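In case you want the letters, here they are:
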Amino acid sequence: MAWPEMFKDPMHWYQSVCQERMDGARKAFDAINATSEAVIESVNRLHSSAEAAGTNIEQALTSAASRMKEAA
């Protein structure tokens with residue numbers, strides 16, 4: 001809203017400024033929410049990958065220990 005409009009109708013100007021600020025804050029929170037959801041999804045995928053890697057390492061070590069016992 002232009003400056004002359006502020007002097008003609010200050011309450012309308014104030015309301016429009018507040019509405020613009022609320023819209024901007026809502027957009028910012030929506031962006032933060034979307035980003036946090038993406039981070040959570042990435043962490044969940046990383047957690048699953050780490051669990052799978054841990055299981056594979058455990059199996060490999062168990063197998064190697066078993067073979068070493070058989071060879072001894």
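Residues numbered from 1 in each chain as written. Predicted model: local features only at pLDDT ≥ 70, side-chain atom pairs only at ≥ 80, totals over all residues. Heavy atoms only, no water.

Peer 1: Can you explain the overall build of the chain? Please cite residues and give values.
Peer 2: Helix and strand counts for the chain stand at two helices and zero strands. Over its C-alpha trace the chain gives a radius of gyration of 30 Å, far above what one expects of a compact globule, namely 11 Å for 72 residues. Along the first, second and third principal axes, the C-alpha atoms of the chain reach 95 × 15 × 10 Å. Residues classed as buried in the chain amount to 3% of the 72 residues present. Accessible area for the chain stands at about 6400 Å²; split by element, carbon and sulfur atoms hold 63% of it. Here the chain contributes 7 positively and 10 negatively charged side chains, and the mean placements of these two sets differ by 4 Å. (Helix = DSSP H or I, 4+ residues; strand = E, 2+ residues; numbered from the N terminus. Rg over C-alpha atoms; globule rule 2.2 N^0.38 Å. Buried < 20%, exposed > 50% of the residue type's maximum accessible area, 1.4 Å probe, protein only. Areas by Shrake-Rupley, 256 points an atom, 1.4 Å probe, with all protein chains shown as cover. Lys, Arg positive; Asp, Glu negative; His and termini not counted. Charge placed at Lys NZ, Arg CZ, Asp CG, Glu CD.)

Peer 1: Explain the environment of Asn 44 to me, using residue names and the numbers behind them.
Peer 2: Mapped onto the elements, Asn 44 comes out in helix α2 (residues 10-71). Sequence separation of Asn 44 and Ala 64 is 20 residues, and the distance between their C-alpha atoms is 30 Å.

Peer 1: I'd like a rundown of the pattern of salt bridges, residues and numbers included.
Peer 2: Enumeration according to the criterion identifies one salt bridge in this entry. Between Asp 23 and Arg 26 there is a salt bridge; the shortest N-O distance is 3.1 Å. One end of the pair, Asp 23, and the other, Arg 26, are both in helix α2, three residues apart, so they sit about a helical turn from each other. Arg 26 sits in the partly exposed class, given a relative accessible area of 44%. (Salt bridge = Lys/Arg side-chain N within 4 Å of Asp/Glu carboxyl O.)

Peer 1: So what's going on with the environment of Ser 48? Which residues, and what values?
Peer 2: Secondary-structure assignment places Ser 48 in helix α2. For the pair Ser 48 and Trp 3, spaced 45 residues apart in the sequence, the C-alpha separation amounts to 56 Å.

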